[in-house]
Amino acid sequence: MCSGFVAPGPANRQIYRAVLECVLPPGSGLPGPVVTRDDLRHAVEAIKPGYKDVFRRVRELQGEEGLTGLVKWGSKYQLQHLAIESKREPRKAISSAVARKIALKQGSRCTVCGAALELDGKIDVDHRVPRKRQGTSFEGNLQVLCRACNINKSTQCSGCELPCETCGWAFPEKYRPVKLSPSIILRVNALARDTNRPADDVANELLDRALREDHQR
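Model, not experiment: these values are computed from the prediction.

Caption draft 1: Inspection of the pattern of salt bridges at higher detail. Taken as a whole and assessed by the stated rule, the structure comprises twelve salt bridges. A salt bridge links K101 to E139, with the nearest nitrogen and oxygen atoms 3.4 Å apart. Note that K101 is positioned in helix 4 (residues 96-105) and E139 in the loop between strand 4 (124-127) and strand 5 (142-145), a separation of 38 residues in sequence. Connected through salt bridges with shared partners, the residues R56, R57 and E60 form a single ionic network.

Have a look at this one:
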């Protein structure tokens, strides 16, 4: 289990090994023992005193390394199975030159909200298709967002299973989110209640009808 890592450097692999030997000590079976954050810290501290990024490495094991059997609830962890899912591309830092190039290609504006980007400081480069869904770090999968949209996209992506290819956060050039006025939302919801249908279905039906009628004119 302590081999075949996609992490590029030996230092991270040493931390992975310490974490894995903590959640599955030699001679123990599955599921492994329930361990705490302090247990993991102590295991890493034994081989690398003062190490600060223990739980970043744990998240990489769960993500990049595909160890989905390492589960967390609260401040406790347990290794429940050894199945390995598809490994992600190792995280690579996006250079400031690439970030600036992408931002300039976007007209120095956030692709989602259109806010002007500050190019002199840190530029927030986003993976359109998240790395946890096998998104790569090639330029075609990168966009630059303002800080607020970057945070909001991360929140929206968490736990989402809808296809990224039709998402307004991933490809706002094609699927820019539509903001309806409060009065329209109230009217759609009232019609949905009156007809006992989901509000989304009512809104899509009304918009589809209006667009087809406009096209026929």
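Picking up where we left off.
Caption draft 2: The arrangement of the pairing of strand 2 (residues 70-73) in detail. Here strand 2 pairs with strand 3 (residues 76-79) via four bridges, running antiparallel. Pairing of W73 across the sheet is with K76, part of strand 3. Turn length for the strand 2-strand 3 hairpin, with the two strands adjacent in sequence and antiparallel, is two residues, and the turn residue G74 shows positive phi of about 60°.

Caption draft 3: Looking closely at the sheet that holds strand 3. Spatial ordering of the open sheet is given by 1-3-2, a layout of three strands whose pairing is antiparallel. The sheet terminates laterally at strand 1 (35-36) and strand 2, the two strands that pair on one side only. Examined bridge by bridge, strand 1 and strand 3 share two bridges and lie antiparallel to one another. Following the sheet pairing, V35 is matched in strand 3 by Y77. Along the sheet face, helix 3 (residues 54-62) touches strand 2 and strand 3 and points at about 125° away from the line of strand 2.

Caption draft 4: Expanded view of the packing of aromatic side chains. What the rule picks out here adds up to one aromatic pair. On the basis of an interplanar angle of 15° and a centroid distance of 6.3 Å, the ring pair of F55 and Y77 is categorised as stacked. With F55 in helix 3 and Y77 in strand 3, this residue pair connects regions lying 22 residues apart in the sequence. This pair shows no difference in class: F55 is buried, exactly as Y77 is. A cation sits over an aromatic face here: R37 above F55, 3.8 Å from the ring centre.

Reading the values: rules and limits
Residue positions are counted from 1 within each chain, in the order its sequence is given. Only residues with pLDDT of at least 70 get local features here, since the model is predicted, and only at 80 or more are side-chain atom pairs given and counted; chain-wide, interface and lining totals rely on the full set of residues. With hydrogens and water set aside, each side-chain value is computed from the structure's full complement of heavy atoms. When a carboxyl oxygen of Asp or Glu is within 4 Å of a side-chain nitrogen of Lys or Arg, the pair counts as a salt bridge. Runs of E in the DSSP output that reach at least two residues are strands. Runs of H or I that reach at least four are helices, and both are numbered from the N terminus. For two strands to count as paired, DSSP must find a minimum of two bridges between them. The criterion used for residue contact is that any of the two residues' heavy atoms lie within 4.5 Å. Axes here mean lines fitted to C-alpha atoms, for a helix over just the part in contact, with angles spanning 0 to 180 degrees between N-to-C directions. Between the rings of Phe, Tyr and Trp (Trp by its six-membered ring), a pair exists once the centres lie within 6.5 Å; its type follows the angle of the planes, with under 30 degrees stacked, over 60 edge-to-face, and the other angles tilted. Burial classes: relative accessible area under 20% of the type maximum marks a residue as buried, over 50% as exposed, and values in between as partly exposed (1.4 Å probe, protein chains only). Charge-over-ring contacts are defined here by two conditions on Lys NZ or Arg CZ: a distance within 6 Å of the ring centre and an angle within 35 degrees of the ring normal.

In short, geometric facts, not functional conclusions.
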